[in-house]
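Architecture at a glance
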Amino acid sequence: METSTPLIMETSSEKNTATFTHLSTLTQYFIPFGNYIFPILIWSSYKDKSEFANHHGKQALNFQLSLLLYTLILVLIAIPIFVIVFLQNIPMEAVFNDEDFVIRNFNFDGNIGLLSIGATAVLLFGLLKIVEFFLVIYASIKASNGEYYKYPMTISFIK
């Protein structure tokens with residue numbers, strides 16, 4: 001007689017915990033650093049009780065830490081570029097008319113390449129935040145269905 005390993009089904013409690021771990025990262029829109037604080041609290045409370053919750057907690061935290069790293073890289077690209085372009089154009093003249101504010105002598109011509117790189121970094125950041133939102137929702141759905149999920153392009157900081 002052939003023996004097979006039994007299929008282990010996650011309980012609804014484990015599914016809910018994993019789902020809330022992913023969804024708790026969305027608190028960043030209301031509470032500063034909520035995308036780190038709440039997943040850490042949930043994951044640390046359940047990591048020893050459930051392998052399923054442990055897996056999803058690690059995934060949520062690794063994804064948030066990876067996004068932090070990607071954001072820092074984009075900031076380190078964009079901010080110096082915009083500061084350099086602004087400082088190169090310091091002898092600009094700002095004029096206040098009755099209802100208008102006019103900046104004269106600002107030269108984009110010599111800086112269009114740098115400004116394009118800076119604008120691209122800002123656009124990538126915006127795209128990253130949109131993709132993050134939808135991936136968190138997708139991971140939450142996977143967890144609620146009892147499936148294991150791994151975020152794409154995530155560095156495994158917590159193993």
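Refer to the preceding data block for the structure.
Because the structure is predicted, anything quoted here is derived from the model rather than measured. Numbers given for residues are sequential positions, taken from 1 along each chain in its written order. In view of the model being predicted, local features appear only for residues whose pLDDT reaches at least 70, and side-chain atom pairs are presented and counted only at 80 or more, with totals across whole chains, interfaces and linings using the full set of residues. Working from all heavy atoms in the structure, the side-chain values ignore hydrogens and water.

When the centres of two rings from Phe, Tyr and Trp lie within 6.5 Å, Trp using its six-membered ring, the rings pair. Their planes under 30 degrees apart give stacked, over 60 give edge-to-face, and anything left gives tilted. A complete count under the given rule lists five aromatic pairs for this structure. On the numbers, 4.0 Å between centres and 0° between planes, the contact of Phe63 with Tyr151 is stacked. Remark: Tyr151 occurs in the segment after helix 4 (112–144) and Phe63 occurs in helix 3 (residues 51–88); sequence separation between them is 88 residues. Here's how the labels work: a residue is buried when its accessible area is under 20% of the maximum for its type, exposed when over 50%, partly exposed in between, all with a 1.4 Å probe on protein chains only. Given the relative accessible area of 3%, Tyr151 is considered buried. Pairing Phe133 with Phe134 gives two aromatic rings, centres 5.5 Å apart and planes at 85°, and the pair type is edge-to-face. Overall, the relative accessible area of 33% leaves Phe133 in the partly exposed class. Judged by relative accessible area, Phe134 falls into the exposed class, the value being 55%. By the ring-pair criterion, three or more aromatic residues cluster together here, those being Phe63, Tyr138, Tyr149 and Tyr151. Note on criteria: charge over ring means Lys NZ or Arg CZ within 6 Å of the ring centre, with the direction from the centre no more than 35 degrees off the ring normal. Over the aromatic face of Tyr46 sits the side chain of Lys49, whose NZ or CZ is 5.1 Å from the ring centroid. Helix and strand definitions here come from DSSP, where helices need a minimum of 4 consecutive H or I residues and strands a minimum of 2 consecutive E residues; each element is numbered from the N-terminal end.

Below, the discussion takes up the packing of helix 1 (residues 12–23) against helix 2 (residues 34–46). Orientation is described by axes fitted as lines to C-alpha atoms, over the contacting stretch for helices, and by angles from 0 to 180 degrees between their N-to-C directions. The N-to-C vectors of helix 1 and helix 2 enclose an angle of 155°; their axes lie 8 Å apart at closest approach. Between helix 1 and helix 2, the angle is such that the two are roughly antiparallel. Between helix 1 and helix 2 lies a crossing whose hand is left-handed. On the side of helix 1, the interface is formed by Thr17, Phe20 and Thr21, while helix 2 contributes Pro39, Ile42 and Tyr46. An angle counts as roughly parallel when it lies under 35 degrees, as roughly antiparallel when it exceeds 145, as roughly perpendicular when it falls between 65 and 115, and as oblique in every other case. Working rule for handedness: look at the near helix, and if it is turned counterclockwise from the far one by less than a right angle, call the crossing left-handed; if clockwise, right-handed. Residue contacts are counted whenever heavy atoms from the two residues lie within 4.5 Å of one another.

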